Amino acid sequence: MVAALLVWVLGCAPAPIPDRLPPPLDPTKEGWYGQTVSELQAVNREAGVALSRKDVKKAGALVAQGQPLANRVLAVPRPPLAAMEAAADLDELYGRLLLGRREFGFARQVYQKNLARWKHWQPRTEETERRLREAREAIAECDRRIGAQRPQ
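Residues numbered from 1 in each chain as written. Predicted model: local features only at pLDDT ≥ 70, side-chain atom pairs only at ≥ 80, totals over all residues. Heavy atoms only, no water.

### Some details on the overall build of the protein chain
Looking only at helices and strands, the protein chain has six helices and zero strands in total. Beginning at the N terminus, the succession of helices and strands in the protein chain can be written as α-α-α-α-α-α. Buried positions account for 32% of the 152 residues belonging to the protein chain. Put simply, the protein chain shows about 10500 Å² of open surface, and 59% of that area lies on carbon and sulfur atoms. (Helix = DSSP H or I, 4+ residues; strand = E, 2+ residues; numbered from the N terminus. Buried < 20%, exposed > 50% of the residue type's maximum accessible area, 1.4 Å probe, protein only. Areas by Shrake-Rupley, 256 points an atom, 1.4 Å probe, with all protein chains shown as cover.)

In structure tokens, the structure reads:
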């Protein structure tokens, strides 16, 4: 009877907590992630070509097409450098489109995202430093154009 009671009490106890939990899954290692980054890079290349040919309408459509891809690759914790570069390239293209439309304030906001990305990126490399410089230069260009628009 005592043994039965003891078995019953122990049976009601919560399950033991495992000493070691499995590591969380890293979405950047999954197949969809690399493919999405590659798709974004391809969209960026195509939009860059369209913009260089002054096909602003096509470039704008491609930038809009790339935005959900950029959002997806940036939504993971600690996106890798290739994903960050692809998203930054899309924003740089969008900023150039906005400059062409004389929407200097909006272009400045887009370039500001790139500035924040590269200012805080670790580890710093020559490439990330170059991108940081370019973002600062683009913001300065926007500021010059905004200042030129103000009535004297």
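### Considerations on helix α6 (residues 126-149)
With 24 residues, α6 should reach 34 Å at 1.5 Å per residue; the first-to-last C-alpha distance of 35 Å fits that figure. Turning to α6, the residues buried within the fold contact α4 (81-100) and α5 (104-119). (Expected span 1.5 Å × (residues − 1). Contact = heavy atoms within 4.5 Å.)

### What about the environment of Glu129?
Here Glu129 is to be found in helix α6. The spatial distance from the C-alpha of Glu129 to the C-alpha of Lys119 is 8.2 Å, given a sequence separation of ten residues.

### A closer look at the side chain of Thr128
Of note, Thr128 is situated in helix α6. Exposure remark for Thr128: the relative accessible area of 0% places this residue in the buried category. A distance of 2.8 Å separates the side chain of Thr128 from the backbone nitrogen of Thr125, its partner in a polar contact. Once residues lying within four places of it in the same chain are set aside, the contact partners of Thr128 are Leu81, Trp118, Trp121 and Pro123. (Polar contact = N/O pair within 3.5 Å; in protein donor to acceptor, adjacent residues only side chain to side chain.)

### Considerations on the pattern of salt bridges
When the charged atoms of two side chains lie near each other, side chains of opposite charge can form a pair. According to the stated counting rule, one finds 13 salt bridges in the structure shown. Across the pair Arg131 and Glu127 runs a salt bridge whose closest N-O atoms are separated by 2.9 Å. Here Glu127 and Arg131 lie together in helix α6, a separation of four residues that amounts to about one turn. Measuring nitrogen to oxygen at the nearest pair gives 2.4 Å for the salt bridge that ties Arg130 to Glu134. Taken together, the residues Arg130 and Glu134, both in helix α6 and four residues apart, mark about one turn of the helix. With relative accessibility at 30%, the residue Arg130 sits in the partly exposed group. Since its relative accessible area comes to 37%, Glu134 is described here as partly exposed. (Salt bridge = Lys/Arg side-chain N within 4 Å of Asp/Glu carboxyl O.)

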